[in-house]
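For reference, the chains in residue letters:
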Amino acid sequence: MTVKTKIGFTTRDRIFVRGRDLADDVLGKMDFIDMIYFTATGTEPDACTRAMTNAIIVTATDHGLTPSAIAARMTILGAPESLQGAVAAGLLGAGNHFLGTMQNAAAFTRDEIGGLTDNDDEAAYAAHAREVVRTFRAARRVLPGIGHPIHVAGDPRTPVLRRIAGENGFDGRHWRFMAAIESAAREEYGRLLPINAAGAVGATVSDMGLSPIWARAFALIGRSAGLLAHLMEELDNPQGQKIWDMILEQDDSAECAGIADPARGDRKEQ
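Procedures and definitions
- Residues numbered from 1 in each chain as written.
- Predicted model: local features only at pLDDT ≥ 70, side-chain atom pairs only at ≥ 80, totals over all residues.
- Heavy atoms only, no water.
- Core = buried A, V, L, I, M, F, W, Y, C linked by side-chain atoms within 4.5 Å.
- Buried < 20%, exposed > 50% of the residue type's maximum accessible area, 1.4 Å probe, protein only.
- Helix = DSSP H or I, 4+ residues; strand = E, 2+ residues; numbered from the N terminus.
- Contact = heavy atoms within 4.5 Å.
- Polar contact = N/O pair within 3.5 Å; in protein donor to acceptor, adjacent residues only side chain to side chain.
- Axes fitted to C-alpha atoms, helices over the stretch in contact; angles between N-to-C directions.
- Parallel < 35°, antiparallel > 145°, perpendicular 65-115°, else oblique.
- Left-handed = near helix turned anticlockwise from the far one by under 90°.
- Nonpolar A, V, L, I, M, F, W, Y, C, P; charged D, E, K, R; others polar.

### Some words on the nonpolar core
No. 1: Met52, Phe108, Ile146, Phe177, Ile181, Val205 and Phe218 are the most contacted members of the largest nonpolar core, which totals 46 residues.
No. 2: Sorting the residues of this core by element identifies helix 2 (32–41), helix 3 (47–60), helix 6 (101–112), helix 7 (122–138), helix 8 (157–167), helix 9 (173–189), helix 10 (197–207) and helix 11 (213–236) as the ones contributing at least two each.
No. 3: When residues of this core are assigned to their parent elements, the largest contribution, 7 residues, is made by helix 9.
No. 4: In contact with Ile146, other than residues within four places in its own chain, are Met178, Ile181, Ala185, Leu193, Pro194, Ile195 and Asn196.
No. 5: Of all hydrophobic cores here, the second largest spans 7 residues; its members include Ala69, Ala72, Ile76 and Leu231.

### Some remarks on helix 2
No. 1: Buried residues of helix 2: Ile33, Asp34, Met35, Ile36, Tyr37 and Phe38, and no others.
No. 2: Along its buried surface, helix 2 packs onto strand 2 (15–17), strand 3 (20–21), helix 1 (22–26), helix 3 and helix 11.
No. 3: A distance of 3.2 Å separates the backbone nitrogen of Ile33 from a side-chain oxygen at the start of helix 2, and that oxygen is part of Asp31.
No. 4: Phi turns positive, to about 90°, at Gly42, one or two residues after helix 2.

### Here we look at the packing of helix 8 against helix 10
No. 1: Close contact between helix 8 and helix 10 brings their axes to 8 Å; oriented N to C, the two are set at 15°. Considering the angle they form, helix 8 stands roughly parallel to helix 10. The way helix 8 lies across helix 10 gives a crossing that is right-handed. Side by side, helix 8 and helix 10 meet where Arg157, Thr158, Leu161 and Ala165 of the first sit next to Ala197, Ala200, Val201 and Thr204 of the second.
No. 2: Class assignment for the residues of the contact of helix 8 with helix 10 results in 5 nonpolar, 2 polar and 1 charged.

### Digging into the packing of helix 4 (residues 67–78) against helix 5 (residues 83–92)
No. 1: As a packed pair, helix 4 and helix 5 sit with axes 7 Å apart at the nearest point and diverge in direction by 150°. On the basis of the axis angle, helix 4 is roughly antiparallel to helix 5. As helix 4 runs across helix 5, the sense of the crossing is right-handed. Contact with helix 4, carried on its side by Ser68, Ala71, Ala72, Thr75 and Ile76, involves Leu83, Gly85, Ala86, Ala89 and Gly90 of helix 5 and no other residues of that element.
No. 2: Of the residues belonging to the contact of helix 4 with helix 5, the class tally is 6 nonpolar, 4 polar and no charged.

Structural data, given as structure tokens:
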């Protein structure tokens, strides 16, 4: 039985990635974005793809004390020796409510755009978008990529991402479709449901010609860096302990057990 991968292999004195010598042909010659595409596909990205991917990954890096950051901080509180475990804990929550929404939005643009082409006019996009919105509403399905609980007047990331997409040739029919969906949703629901960052990334990834899973991959790569930043801060300014203390303060049994005593500096389990 033979087990092989096309991605790379190692000999006693060499390491090869996609057929290239890591030391001689890759180190110092490829940046991280190049390496992402090269290891995954065997080809390097062009300048436009590199710039757009960089913007998407930066967008996903950090959004504050989100569930993924809280999960990472709470994990490092219980296992301070496990930096990798804390990062993993944060990434495990990248599902259909957080981070994974980028993949959902990309799949939505790809699956629901129908037969619309670059040659269709705005009226055709508007008509199809109205049909999609009404279908989703009738089925009580959430429209991926629009609406935001905080940025109710418009996600500040969206116009910037669309500008960068346009500068690099990725403001195509999927972006036009998402814009039409935003307009149709406003008409159908009677209020603005702006294209959010997930919708912006989803439309861009589709216009880049990539499969939807790439949107989640970019989100995971970016968020890994963000989680590491939270964990570095946790060492100097612990928030995980404060979160646990808030919970203990609400627990009468904790006070009875003596573990919520404010005079105690150590609340680790005994």
